[in-house]
Each structure stands twice: as C-alpha cells, then as structure tokens.
Amino acid sequence: MISEAWTEHKAIREVMMFLQSHGISTLFAVRIYKEYGDDAIRLVTEDPYRLANDFYGIGFFSADKVALSIGLEPDSQQRILAGIKHVLAASRNFGHCYLTASQIDKEVNELLQLNLSDKLLDLLKYMEDEKLLMVRELAQDDVTVEQCYYSKSLYFDELYVSKRISGIGKSPEIDKDRVESWISRYCEIKEISLSDEQASAAQGVVCEKFSILTGGPGCGKTTTTLVIVKLIEAMGLKVLLAAPTGRAAQRMMDVIGKESKTIHRLLG
C-alpha cells in the first residue's frame, strides 16, 4: 500500500510542480490533475489553450501565459487561432453575435501584439474548413457580400432562436386604424405624450407575433411598454411581464402597475 501510494503521489507531484512552474495556482493544478490524470503534462504541453475551454475560471489570458512560458512562439499558428477564438467568444460581451474580418484583425492584433493583416484571411478560411468557427454571408447590397465570422456556440444559438421565432406562426389580422385610434385616445386621457416613433412601435407590437422594442437609456421604452400592455389588455388578451433581474422587474411593476417576475421565476 505504501509503495502504491508513493507511486501515485509521485505522479501527482510531478504534474503539480510542472503546472505551478508555469504560473498555474495550486487550486487549478489539482482540478487539472483530477480531469487529465497522468496525461496532464502531455495534454497541457500539446495545447495549453485547451485549459481555457476545459476549466471554468481559466481564461485565454491565463492559458496564454502558460503557452508562452512553455515556449510556444508568440506568432505561432496555435496561439493566433486561440486568439481569434477568444476574440469571437468575447465579442458577445459587447452585444455582437459575429465579427467581420476587419474587426477580427483589429482585435487580434491588439490582443496578441502582432500584425496579422497579410495572413488573417487564410487563417480564417482554415478555421472555417476545420469547423473551428462558423461563417455566414451578409448581403450589403445587390453586389457586395460580407463574411460574418461566429464562434460556434453563438452561431448555433442564433440559428436555434431564429428557427423558434419563424415557427411561431403568422401575424394576427389586426385593424391598424382602430389600434392607432385607441392609442391616441388612451394617451390623451392619461396625459401621456408619445413620439411618432413610440406610437408606431406600440402599434407594431400588437400587429406581429414577435417583436423587439429596443433603444438606449431614457428613450421611452418603459412608457411605450405601458401603452402596449394596456392596449393588449383592451384587446382582451393576457399579458405576462418578465425581466432578467429583480430590479428591472420591480421597475416595470412600478410603472405599469402589473406584477412582473424575473424570467427564472416566470419559468419556474
């Protein structure tokens, strides 16, 4: 038993010393060993960037430090591909589903401190062929088509959402003149002043099966939502209100006067 334990802990010790010598904390080193076992040194050496994919809390920057510490060249293809994947995945934090080649070029050059302009398109084509990213063509006009590059998860998320929306069904038959008249009367009675754009948005929402009402802070989304809710109720339909956070749900409830739940609570 002592001999077996000594052999087992010798392997663990070698892995821990290797990982910690390249800047990985003890906590992550233990998690990495538990996941990879005795293959940890080989797997991390072959592809340090897999750490960012396989372990929550180890991002691109930590994996990149390990890669450079191991001796990976700063301009190696492996590092550049990992940088492109990181840039595409991180773009969601800024509200983007995809990036164009010029946007990727700018972001990756800043991230890796390299100039990739001359070989970026070849790398993107390689990643497309290897299914490391997804591409969709966006028509700018009758002649120009722009390549849109997606991280795989966002591409399939967007595809799923679009299929669900397209399957909702046809838009209802609504008397638009009657809706417009109701909005005008309601706003006059309640002394609400809607801009033409807000009134058009309220009318548009009830005339479609699926709508998105969007705009910057303070542009009148909540007031418009109030009118939309009252209009839908006047049409004899049921309304459910939900928001991503409790604070946003409370704001809707204060303005509209109806119960609003967080999305989690609404879905149970």
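Residues numbered from 1 in each chain as written. Predicted model: local features only at pLDDT ≥ 70, side-chain atom pairs only at ≥ 80, totals over all residues. Heavy atoms only, no water.

Undergrad: Can you help me understand helix 2 (residues 26–36) in this one?
TA: One turn of the α-helix equals 3.6 residues, which is why residues spaced by three or four share an orientation. For helix 2, the complete set of buried residues consists of F28, A29, I32, Y33 and Y36. Projected onto a plane normal to the axis of helix 2, the buried residues spread over an arc of 140 degrees and lie on a single side. Along helix 2, the residues that are exposed and aim more than 90 degrees away from the buried face are L27, K34 and E35. Looking at the buried positions of helix 2, the neighbouring elements they touch are helix 1 (2–21), helix 3 (40–46) and helix 4 (50–54). (Buried < 20%, exposed > 50% of the residue type's maximum accessible area, 1.4 Å probe, protein only. Helix = DSSP H or I, 4+ residues; strand = E, 2+ residues; numbered from the N terminus. Arc of directions from axis to C-beta. Contact = heavy atoms within 4.5 Å.)

Undergrad: What should I look at first to understand the state of the cysteines in this one?
TA: Here a disulfide denotes a covalent bond joining the sulfur atom of one cysteine to the sulfur atom of another. According to the stated counting rule, one finds zero disulfides in the structure shown. For C187, which is in no disulfide, the shortest distance to another cysteine sulfur is to C207 and amounts to 15 Å. Look at C187 and you get buried, because its relative accessible area is 8%. (Disulfide = S-S within 2.5 Å.)

Undergrad: Got a minute to help me understand the packing of aromatic side chains in this structure?
TA: Counted by the stated rule, this structure contains seven aromatic pairs. Ring centres 5.5 Å apart and planes at 85 degrees place the aromatic pair Y150 and Y155 in the edge-to-face group. Classification of Y155 by relative accessible area gives buried; the value is 14%. With a centroid separation of 5.1 Å and an interplanar angle of 90 degrees, the aromatic rings of Y155 and F156 are classed as edge-to-face. Among the aromatic residues, ring-to-ring pairing joins Y98, Y150, Y155 and F156 into one connected group. Here the guanidinium or amino end of R13 rests over the ring plane of W6, the centre of that ring lying 5.5 Å away. (Phe/Tyr/Trp six-rings, centres within 6.5 Å; stacked < 30°, edge-to-face > 60°. Lys NZ or Arg CZ within 6 Å of the ring centre and 35° of its normal.)

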